[in-house]
Amino acid sequence: MIEAPAGKIDVDRFRARHEAMAAIGATGRGGIDRQALTEAEIEARALVIGWARLRGYALSVDPIGNLFIRRPGRGGGFAPVLAGSHLDSQPNGGNFDGVYGVLAALEVLEALDDGGIETDRPIEVVVWTNEEGARFQPTTMGSAVYVGALPLQQALAVRGRDGVTVSEALACMLRKLPHCADRALATPLHAYVEAHIEQGPILESARRKIGVVLGIQGLRQYAVTVEGTEAHAGTTPRLRRRDAFVAARRIAAEFDRVATDAKDIARLTIGRFDVSPGTTNTIPGKVTMTVDVRHPDEHELERLDRAIREICRERAQPCSASIETLLTSRTVNFATSVVDAVREEAARLGHGALDIMSGATHDAAFLARLCPTGMIFVPCRDGVSHNEAEYTSLENMVAGVEVLAGVVQRLSRREAGVGA
Ligand code: HGY
Ligand code: MN
Ligand code: MN
């Protein structure tokens, strides 16, 4: 047990819960496959709901399936402080991305209980729906809908490669989980704080335990479709071909060229590349690819957006190419009130800290549109994430929980005249 101003953090409880979560969706290769709204995520949510119900916390779910767990404050109708992250994972995901932030936030609530600490404001834990965007695109779907950046109906209509829509998967999940009260989208929040592994190498290289996250770089996600003509692989001369793969390969190479900068700052990833009909002896008539582009400078993202659209127009002949924007998440600078609280709590606790911009995106990118928002990073080994080898130590995670507990408790105080 760690005595902290923000209650009694129970390291054994936290560790046991992290181990229990690692068993849900385990691939047998050290990681997890717990994609959004699958049986595995339902099982993980049920576990969290069970822990919350043991404490008598109030549970609610909004129309896109975001789950909220509420520890009451002293009353007075004050807007809550929210903390949390996501339970869904990549197909070959690690045991820390997302789940760490949910377990850290729940540990803070229970540490306050165990420390007999009352807060002015209610404190809520959130499990965001479909942060990863692996089964259903785009990334950070639940938080984007929550803040109004993505229309609910558009998100519910998204169909995964398995042919199931978000709406169908969500209904199935809600039938299997214990009933929770309805929660409206975009309900007022006093602040949001998310603990997460860095998912990059900076903190580990700098030998710092805590990342004081200043903000999140911008991103754009696209779906590009290249259309040609299916034809016989043996009889069709090259000059008569409209080979969608050859055009898509050229387009993809051009995307890579325009995103290659001398300082290695821009990030362009083609994560999905589907060739249809996908037989050995038919010339591809259609290729769909996803494009994920990131950069801390919005002007650069806009330049890359224009370049990507021009390449689709100019380099597809004799085929055609169309482009759909799946997600626009602008570069975010977090509220200094929250950033300073993270920095001061890390210093008070004696944890070496480093200011850092997040290369990965998070639900916090959208919450920053609704309320003062911040993040707490802990290092991850070799900077590896979105990989089954993802790892950070219990010591690092507990340091992050301590900082989160202190920050949440500070933000939960009702200063005269501050916030709702
Ligand atoms: O895509 C991201 O940056 C996040 O890890 N889902
Ligand atoms: Mn994450
Ligand atoms: Mn992730």
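Scroll up for the structure.
The paragraphs below set out a description of the structure included in this document.

Scoring rules and cut-offs
- The numbering scheme is per chain: residues are counted from 1 as the chain's sequence reads.
- To label them, take the chains in the order written and letter them from A, then take the ligands in the order written and number them from 1.
- Selection of residues for local features in this predicted model requires a pLDDT of at least 70, selection of side-chain atom pairs for listing and counting requires 80 or more, and totals for whole chains, interfaces and linings are taken over all residues.
- Processing note: side-chain calculations cover all non-hydrogen atoms of the structure and skip hydrogens and water entirely.
- Coordinating donors are taken to be N, O and S atoms lying within 2.8 Å of the metal, or within 3.2 Å when the metal is Na, K or Ca; because water is excluded from the atom set, some sites may appear incomplete.
- Numbering of helices and strands starts at the N terminus; helices are DSSP runs of H or I of at least 4 residues and strands are runs of E of at least 2.
- A simple rule labels every residue: compare its accessible area, found with a 1.4 Å probe on the protein chains alone, to the largest value its type can have, and call it buried under 20%, exposed over 50%, or partly exposed in between.
- The pairing criterion for strands is at least two bridges between them, as found by DSSP.
- Contact definition: two residues touch when any of their heavy atoms are within 4.5 Å.
- Definition of nearness: a residue and a molecule or strand are near each other if at least one heavy atom of the residue lies within 4 Å of the molecule or strand.
- Pairing of N or O atoms within 3.5 Å defines a polar contact, subject to two protein rules: one partner must be a possible hydrogen donor and the other a possible acceptor, and residues neighboring in sequence count only if both atoms are side-chain atoms.
- Only the protein chains shown count as cover for residues, and all accessible areas are computed by the Shrake-Rupley method using a 1.4 Å probe.
- In this count, Pro and Cys sit with the nonpolar residues alongside Ala, Val, Leu, Ile, Met, Phe, Trp and Tyr, while Asp, Glu, Lys and Arg are called charged and the others, Gly among them, polar.
- The convention used is that axes are lines fitted to C-alpha atoms, helices contributing only their stretch in contact, and that angles between N-to-C directions extend from 0 to 180 degrees.
- In what follows, roughly perpendicular refers to angles from 65 to 115 degrees, roughly parallel to angles under 35, roughly antiparallel to angles over 145, and oblique to any angle outside these ranges.
- It is the rotation of the near helix from the far one that decides the hand of a crossing: anticlockwise by less than a right angle makes it left-handed, clockwise makes it right-handed.
- Each Phe, Tyr or Trp ring, with Trp reduced to its six-membered ring, pairs with another whose centre is within 6.5 Å; inter-plane angles below 30 degrees give stacked pairs, above 60 give edge-to-face pairs, and intermediate values give tilted ones.

### Regarding the coordination of the manganese ion (ligand 3)
For the manganese ion (ligand 3), the protein coordination sphere consists of D97 (OD), E132 (OE), E132 (OE) and H386 (NE2), at 2.2 to 2.6 Å. Site description for the manganese ion (ligand 3): donor spacing in sequence, D-x34-E-x253-H. Separation of the manganese ion (ligand 3) from the manganese ion (ligand 2) amounts to 3.5 Å, with D97 serving as a shared donor to the pair. Here D97, found in the loop between β5 (81-86) and α3 (99-114), pairs with H386, found in the loop between β19 (373-378) and α12 (394-411); they are 289 residues apart in sequence, far enough to count as distant. Since its relative accessible area comes to 42%, H386 is described here as partly exposed.

### Some points on the pairing of strand β15 (residues 286-295)
Burial analysis of β15 places 8 of its 10 residues in the buried class, the great majority of the element. One ladder, built from 10 bridges, connects strand β10 (residues 218-227) with β15; its direction is antiparallel. The partner of V224 across the bridge, within β15, is M289. Note: strand β12 (residues 267-269) against β15, 3 bridges, orientation antiparallel. In the sheet register, L268 faces β15, and the bridge partner there is V293. Note: strand β13 (residues 273-276) against β15, 4 bridges, orientation antiparallel.

### Describing the side chain of T361
By the secondary structure assignment, T361 is in the loop between β18 (353-358) and α11 (364-367). Those residues within four positions of T361 in sequence are excluded, and the remaining contacts are E131, T139, T140, I216, L219, R294 and S329.

### Comments concerning the site of ligand 1
Ligand 1 sits among E131, E132, T139, Q199, R294, A360, T361 and H386. With respect to ligand 1, the side chain of R294 contributes an N or O atom lying 2.7 Å from an oxygen atom. Relative to its unbound accessible surface of 210 Å², ligand 1 loses 93% to contact with the protein. Partitioned by chemical class, the residues of the shell around ligand 1 number 1 nonpolar, 4 polar and 3 charged.

### A short note on the packing of helix α8 (residues 244-258) against helix α9 (residues 298-314)
Relative orientation of the contacting elements α8 and α9 amounts to 155 degrees, with a least axis distance of 10 Å. Between α8 and α9, the angle is such that the two are roughly antiparallel. Where α8 crosses over α9, the handedness of that crossing is right-handed. Residues I251, E254, F255 and V258 of α8 touch α9, and the partners they reach there are R303, L304, A307, I308, I311 and C312.

### A short note on the environment of N66
Its place among the elements puts N66 in the loop between β3 (58-61) and β4 (67-71). N66 sits 60 residues away from V126 along the chain, and the two C-alpha atoms are 6.9 Å apart. Once you skip the residues sitting within four places of it in the chain, N66 turns out to touch S60, V61, V127, W128, T129, G142, S143 and Y146. At 2.7 Å, the side chain of N66 forms a polar contact with the side chain of D62.

### Some remarks on the environment of F377
Tracing the backbone through its elements, the reader meets F377 in strand β19. Along the backbone, F377 and S358 are 19 residues apart, and their C-alpha atoms lie at a distance of 9.0 Å.

### Observations concerning the packing of aromatic side chains
Using the criterion set out here, one finds 7 aromatic pairs in the structure. Where F96 meets Y391, the ring centres are 5.8 Å apart and the plane angle is 80 degrees; that geometry is what we call edge-to-face. In this pair, F96 sits in the loop between β5 and α3 while Y391 sits in the loop between β19 and α12, placing the two residues 295 residues apart along the sequence. Relative accessible area serves as the criterion here: at 35%, Y391 is assigned to the partly exposed category. On the numbers, 5.5 Å between centres and 65 degrees between planes, the contact of W128 with Y146 is edge-to-face. With W128 in strand β6 (residues 123-128) and Y146 in helix α4 (residues 141-147), this pair connects stretches of sequence that are 18 residues apart. Considered together, W128 and Y146 belong to a single accessibility category, that of buried residues. Pairwise contacts between aromatic rings join F68, W128, Y146 and Y192 into one cluster.

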